[in-house]
Amino acid sequence: MSFKIAIIGAGSVGFTKKLFTDILCVPEFRDVEFALTDLSEHNLTMIKAILDRIVEANKLPTRVTATTDRRAAIAGARYIISCVRVGGLEAYAEDIRIPLKYGIDQCVGDTICAGGILYGQRNIPVILDFCKDIRDVAESGAKFLNYANPMAMNTWAAIEYGKVDTIGLCHGVQHGAEQIAEVLGAKDKSELDYICSGINHQTWFVDLRLNGRKIGKDELIAAFEAHPVFSQQEKLRIDVLKRFGVYSTESNGHLSEYLPWYRKRPDEINKWIDMSDWIHGETGGYLRYSTETRNWFETEFQQILDGASQPIDVSRRSNEHASHILEALETNRVYRGHFNVKNNGVITNLPDDAIIESPGFVDRFGINMVAGITLPEACAATCMSSINVQRMSVHAAISGDIDLLKLAVLHDPLVGAIATPEEVWQMVDEMVVAEARWLPQYAHAVDGAKDRLSRSKVKTRDWKGAASRNVRSIEELRAEKAALKQAG
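In this text the structure is predicted, and so the values were computed from the model without any measurement.

S.K.: Describe the side chain of Gln121, listing the residues and the values that go with them.
M.R.: If you trace the backbone, Gln121 turns up in helix H5 (residues 113–137). Accessibility expressed as a relative area gives 0% for Gln121, which makes it buried.

As structure tokens, this is what we get:
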């Protein structure tokens, strides 16, 4: 069978290569066309060379094109996959750096909290541009598969305002299930059956069965506390498990910034995080990691290109949802996964308009969600706090209403646990000014924000130690980029 897949943000070399090889693991998909598009022509050149090498080595009829013209890439596509990061590391640095001045300590900052909300403000106008192109020039009924964060906000905007058939995809559920299978001593991951439901990055394992035997709270706590690694790396997640009775899908560091209880006092943070890897809660950890590894594909390009000459190993197909969804839709081989979609009553105690992450089955008729799930009350309450923030954030991004944006940030659980309304108002003004070139909907508000900042008497806080090493400013990142360019 032949159809076209467009990948927006294809310059994300490693992830694009994974999606590409996963899809080509499906025998019926050998004749598809991949249209790659990105703002970086240099990155496109590299990834196209890698994918062309895979096609050549495997003697496939697959076609690969690459263009900076997004609309041309989308034209005629049946599936459009997005993995973009609007503003790149320059904007992301401000998402972490500025809130930290006000005491808001984020490990990742890409989902909610101050950083995630501003990330959504940058992404949503661009997501709507993608949707317009999909409506205008893609194949009729085309599906938009969003991998980009903030997952819920991007998917919400694409469905409600972009009017495109959209599904959000993440791998947090799979990673959480792998942990559980390991602590329970499963010989194979297939021995664990689970139902996971909630919202993206706040999804909960509400039903666990190992070889058909139901696993309860006490057994799971004991298993995690006995594990020599996870007992240290996932201290916060284990504490939430003890109090809520169910395990969260999200990493220790991510989960810590969605809740108001663990990162609000500097002296408390070290009790709950683990510094063996950034993902376990390090301040600005993901920014540090992303900055240090941002050019990995440059230094390893030849090695990746040489590796692309090997035959595709079908047994190494990843658990990323995209290829499995496409296979189910096109071949009617049923696939079960966890997907981000509009609720519409699927989870009984969350709002209908919310973007949920919950189990579903895919076949040629589409994505069919398992309905009638009721979350434990504490899980629903925690999700509701984030949903309300997401809703306001999406509506602010669409309208360019800076006052609504400030209210969204004010209602964020971690921000609200730390900052006063006066501090929030100033912080958002500062972030909008710093990120103005990626926020066209707030152009009318920038001068007013600058004026308020010039007259403000709100004092920010000192931040030192690991945070100051990890969280670099836009100016520092630009200087590094210029030095790298000059060097080579």
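S.K.: Let's hear about the UniProt feature "site: Increases basicity of active site Tyr" (unreviewed entry) in the protein chain: which residues, and what values?
M.R.: Per the UniProt entry, the sites bearing "site: Increases basicity of active site Tyr" (unreviewed entry) are Asp110 in this numbering. Inspection of the secondary structure puts Asp110 in the loop between helix H4 (88–101) and H5. Judged by its relative accessible area of 8%, Asp110 is buried. Ignoring anything within four residues of it in the chain, the contact list for Asp110 reads Gly116, Tyr119, Asn149, Pro150, His201, His254 and Tyr258.

S.K.: So what's going on with the pairing of strand E12 (residues 355–363)? Residues and values would help.
M.R.: The element E12 is extensively covered by neighbouring structure, given that 8 of its 9 residues are classed as buried. Pairing analysis gives 8 bridges linking strand E11 (residues 335–342) to E12, with the strands arranged antiparallel. The residue of E12 that forms the bridge with Gly337 is Gly360. Connecting E12 to the antiparallel partner strand E13 (residues 366–369) that follows it, the hairpin turn spans 2 residues.

S.K.: Kindly report on the packing of H4 against helix H20 (residues 421–434), identifying the contributing residues and their values.
M.R.: The geometry of H4 relative to H20 is characterised by a closest axis approach of 10 Å and an angle of 150° between their N-to-C directions. Between H4 and H20, the crossing angle belongs to the class labelled roughly antiparallel. As H4 packs across H20, the resulting crossing turns out to be right-handed. Along the contact surface, H4 presents Glu94, Asp95, Ile98, Pro99 and Lys101, while H20 presents Met427, Glu430, Met431 and Ala434.

S.K.: Could you give an account of the UniProt feature "binding site: substrate" (unreviewed entry) in the protein chain, naming the residues involved and the relevant values?
M.R.: Taking the numbering used here, the UniProt-annotated feature "binding site: substrate" (unreviewed entry) corresponds to Asn149. Position of Asn149 relative to the elements: it lies in the loop between strand E5 (143–146) and helix H6 (151–160). On the accessibility criterion, Asn149 (16% relative accessible area) is buried. Setting aside anything within four residues of it in sequence, one finds Asn149 in contact with Asp110, Tyr119, Asn123, Asn154, Asn200 and His201. Of the polar contacts made by the side chain of Asn149, one reaches the side chain of Asp110; its length is 3.1 Å.

S.K.: An account of the pairing of strand E2 (residues 33–37) is requested, with residue identities and associated values reported.
M.R.: A large share of E2 lies buried, amounting to 5 of its 5 residues. Covered by surrounding structure in E2 are Glu33, Ala35 and Thr37 together with Phe34 and Leu36, the residues of both alternating faces. In this structure, strand E1 (residues 4–8) lies alongside E2, joined through 5 bridges in parallel fashion. The partner of Ile7 across the bridge, within E2, is Leu36. What joins E1 to E2 is helix H1 (residues 13–24), and the crossover it makes is right-handed. Bridging between E2 and strand E3 (residues 63–67) involves 5 bridges; their strand directions are parallel. Bridge assignment links Thr37 to a residue of E3, and that residue is Thr67.

S.K.: How would you summarise the packing of helix H18 (residues 402–410) against H20 if you had to cite specific residues and measurements?
M.R.: Two elements in contact, H18 and H20, have axes separated by 9 Å at closest approach and are oriented at 125°. For the element pair H18 / H20, the angle class is oblique. In this structure, the crossing between H18 and H20 has a hand that is right-handed. The segment H18 lies against H20, with Ile402, Leu405, Lys406, Leu407, Val409 and Leu410 engaging Pro421, Val424, Trp425, Met427, Val428, Asp429 and Val432.

S.K.: Mind laying out the pattern of salt bridges, listing which residues take part and the relevant values?
M.R.: Inspection of every chain in the model, using the stated rule, returns 34 salt bridges. As a salt-bridge pair, Lys48 and Asp52 come within 2.7 Å of each other at their nearest N and O atoms. Highlighted residues: Lys48 and Asp52, both in helix H2 (residues 41–57), separated by 4 residues, approximately one helical turn. Residue Asp52 is classed as partly exposed on the basis of its relative accessible area of 30%. Between Arg243 and Asp239 there is a salt bridge; the shortest N-O distance is 2.8 Å. Separated by 4 residues within a single helix, Arg243 and Asp239 lie in helix H10 (residues 235–244), roughly one turn from each other. We classify Arg243 as exposed; its relative accessible area is 62%.

S.K.: I'd like to hear about unusual backbone geometry, residue by residue, with values.
M.R.: The linkage connecting Asn149 with the following residue, Pro150, adopts the cis geometry, with an omega of -5°. Mapped onto the secondary structure, Pro150 falls in the loop between E5 and H6. Unlike most non-glycine residues, Lys59 shows phi in positive territory, near 50°. In this fold, Lys59 is placed in the loop between H2 and E3.

Procedures and definitions
- Residues numbered from 1 in each chain as written.
- Predicted model: local features only at pLDDT ≥ 70, side-chain atom pairs only at ≥ 80, totals over all residues.
- Heavy atoms only, no water.
- Helix = DSSP H or I, 4+ residues; strand = E, 2+ residues; numbered from the N terminus.
- Buried < 20%, exposed > 50% of the residue type's maximum accessible area, 1.4 Å probe, protein only.
- UniProt positions renumbered as here; feature names shortened; annotations may be inferred.
- Contact = heavy atoms within 4.5 Å.
- Pairing = 2+ DSSP bridges.
- Axes fitted to C-alpha atoms, helices over the stretch in contact; angles between N-to-C directions.
- Parallel < 35°, antiparallel > 145°, perpendicular 65-115°, else oblique.
- Left-handed = near helix turned anticlockwise from the far one by under 90°.
- Polar contact = N/O pair within 3.5 Å; in protein donor to acceptor, adjacent residues only side chain to side chain.
- Right-handed = clockwise from strand over helix to strand, strands pointing away.
- Salt bridge = Lys/Arg side-chain N within 4 Å of Asp/Glu carboxyl O.

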